[in-house]
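# Examination of the molecular architecture
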Amino acid sequence: VAELVVALDLPTGKEALQLVDRLPGLGWAKVGPVLFVAEGPTVVRELTRRGIAVFLDLKWHDIPSTVGHAVSAARDLGVSLATVHCLGGSAMLTAAAKAAGDMALVGVTVLTSHDGPGLTEVLGTSGDVGTQVERLARLAQQSGLRGVVGSGQEVRRLRSLLGPAAWIVVPGIRAPGDEAGDQARTVSPADAVKSGASHVVVGRPITAAADPANAYRTFQDAMGYNLRP
Ligand code: C5P
């Protein structure tokens with residue numbers, strides 16, 4: 001069964017922790033750049049102290065030694081899962097994987113904000129998004145990463161490409177009837193799990209719900225949590 005990760009995209013640590021207090025049994029939380037720049041490691045420590053596994057989503061892309069040191073710092077902080085950009089290349093990915101120890105690291109392949117023309121613009125040569133996603137996912141795996149971040153559209157192909165042990169972290173999840181917001185290609189929690197997601201990331205459908213605890217439980221049910229041993 002996949003893990004349900006709640007994206008704490010809130011402006012302050014106080015609001016993030018107040019939300020967490022409304023989600024009894026929360027197992028995983030994602031801390032992104034906005035909350036991390038505002039609050040720093042304090043909010044991560046506070047979450048881990050409460051027994052919540054932290055996904056630190058800062059998508060590092062820098063020279064190998066800098067990324068390696070950032071990864072070590074995250075591991076020392078008690079982070080469970082972090083992200084790097086596959087475009088950093090095999091030297092950077094290998095340095096990151098070495099520094100990670102038993103912290104899981106997954107690679108971002110192509111940002112979902114990139115379409116074909118956007119990708120061609122940055123690559124300088126015409127690029128098919130699906131082909132690049134698969135190429136970079138393979139690079140991530142060969143470099144020792146635990147897996148990749150993938151959209152609902154890609155997850156099935158990524159699962160068959162990377163095999164059963166890889167972590168495939170899937171954001172852009174919407175339950176039937178949820179507002180899509182700025183997410184263009186959404187997938188339901190049940191479909192994400194069926195297609196092979198290991199971690200399902202949900203933000204606003206839970207954080208902005210009138211009753212976040214109820215929304216959290218609904219997502220858990222859709223993912224088959226009630227079937228867990
Ligand atoms: O609120 P929502 O469920 O759209 O939040 C999804 C989370 O996943 C956000 O933190 C966002 O940064 C992240 N994400 C995403 N789509 C991607 C990659 C990351 O929504 N393609």
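Heads up: the structure comes first, above all this text.
Within each chain, residue numbers correspond to sequence positions counted from 1 in written order. Selection of residues for local features in this predicted model requires a pLDDT of at least 70, selection of side-chain atom pairs for listing and counting requires 80 or more, and totals for whole chains, interfaces and linings are taken over all residues. For side-chain calculations, the full set of non-hydrogen atoms in the structure is used, while hydrogens and water are omitted.

## What to know about the packing of aromatic side chains
Two rings belonging to Phe, Tyr or Trp (six-membered ring only in the last case) form a pair when the distance between their centres is within 6.5 Å. Interplanar angles under 30 degrees mark stacking, angles over 60 mark edge-to-face geometry, and anything in between is tilted. Inspection of every chain in the model, using the stated rule, returns one aromatic pair. Judged by centre distance (6.3 Å) and plane angle (80°), the ring pair of W28 and W167 falls under edge-to-face. Taken together, the positions of W28 in strand β2 (residues 28-31) and W167 in strand β7 (residues 167-170) put the pair 139 residues apart, joining distant regions of the chain. Considered together, W28 and W167 belong to a single accessibility category, that of buried residues. Charge-over-ring contacts are defined here by two conditions on Lys NZ or Arg CZ: a distance within 6 Å of the ring centre and an angle within 35 degrees of the ring normal. Note that K30 overlies the ring of F55, its terminal NZ or CZ placed 6.0 Å from the centroid. In this structure, R146 packs its charged tip against the face of W167, placed 5.1 Å from the ring centre. Put simply, DSSP marks the helices as runs of H or I at least four residues long and the strands as runs of E at least two long, and each gets a number from the N terminus on. Remark: exposure states derive from per-residue accessible area (1.4 Å probe, protein chains only) relative to the maximum for the residue type, with buried under 20%, exposed over 50%, and partly exposed in between.

## What to know about the site of the ligand
In the neighbourhood of the ligand, the contacting residues comprise A7, D9, K30, T112, P171, R174, Q183, V201, V202, G203, R204 and P205. Here an oxygen atom of the ligand sits 2.9 Å away from a polar atom, N or O, in the side chain of K30. Side-chain atoms alone can form a polar contact between residues adjacent in sequence; in general such a contact is a pair of N or O atoms within 3.5 Å, and within protein one must be able to donate a hydrogen while the other accepts it. Between the ligand and R204, the relevant distance is 2.7 Å, taken from an oxygen atom to a main-chain nitrogen or oxygen of the residue. To be clear on the numbers: accessible area is Shrake-Rupley with a 1.4 Å probe, and residue cover counts the displayed protein chains and nothing else. For the ligand, whose unbound accessible area comes to 450 Å², protein coverage reaches 80%. Elements with a minimum of two residues in the shell around the ligand: β8 (199-202) and α10 (204-207). Amino acids outside the nonpolar list (Ala, Val, Leu, Ile, Met, Phe, Trp, Tyr, Cys, Pro) and the charged list (Asp, Glu, Lys, Arg) are all regarded as polar, and Gly is one of them. Of the residues belonging to the shell around the ligand, the class tally is five nonpolar, three polar and four charged. It suffices for a single heavy atom of a residue to lie within 4 Å of a molecule or strand for the residue to be listed as near it.

## Topic: the sheet that holds β7
At least two DSSP bridges between two strands are required for those strands to pair. Pairing within the closed barrel is parallel, and its eight strands lie in the order β1-β2-β3-β4-β5-β6-β7-β8. Averaged over all pairs of adjacent strands, the angle between strand axes in this sheet comes to 25°, irrespective of strand direction. Any two residues having at least one pair of non-hydrogen atoms within 4.5 Å are treated as being in contact. Between the N-to-C directions of two axes lies an angle of 0 to 180 degrees, each axis being a line fitted to C-alpha atoms and, for a helix, fitted only over the stretch in contact. Packed on one face of the sheet, helix α5 (residues 89-100) meets β3 (53-60), β4 (81-85) and β5 (104-108) and runs near 165° to β4.

## Side note on the pattern of salt bridges
Here, a salt bridge means any Lys or Arg side-chain nitrogen found within 4 Å of an Asp or Glu carboxyl oxygen. Summed over all chains, the structure comprises eight salt bridges. One salt bridge connects E46 with R50, and the closest N-O pair in it is separated by 3.3 Å. The class of R50 is partly exposed, set by a relative accessible area of 33%. Salt-bridge contacts for D76 lead to R75; the nearest nitrogen and oxygen are separated by 3.3 Å. Connected through shared salt-bridge partners, D21, E46, R49 and R50 make up one network.

## Points about the environment of V71
For V71, the location among the structural elements is in helix α4 (residues 64-77). When the C-alpha positions of V71 and V37 are compared, they lie 16 Å apart, and in sequence the two are 34 residues distant. In this structure, V71 is in contact with W60, A96, A99, A100, M103 and L105, ignoring residues within four places of it in sequence.

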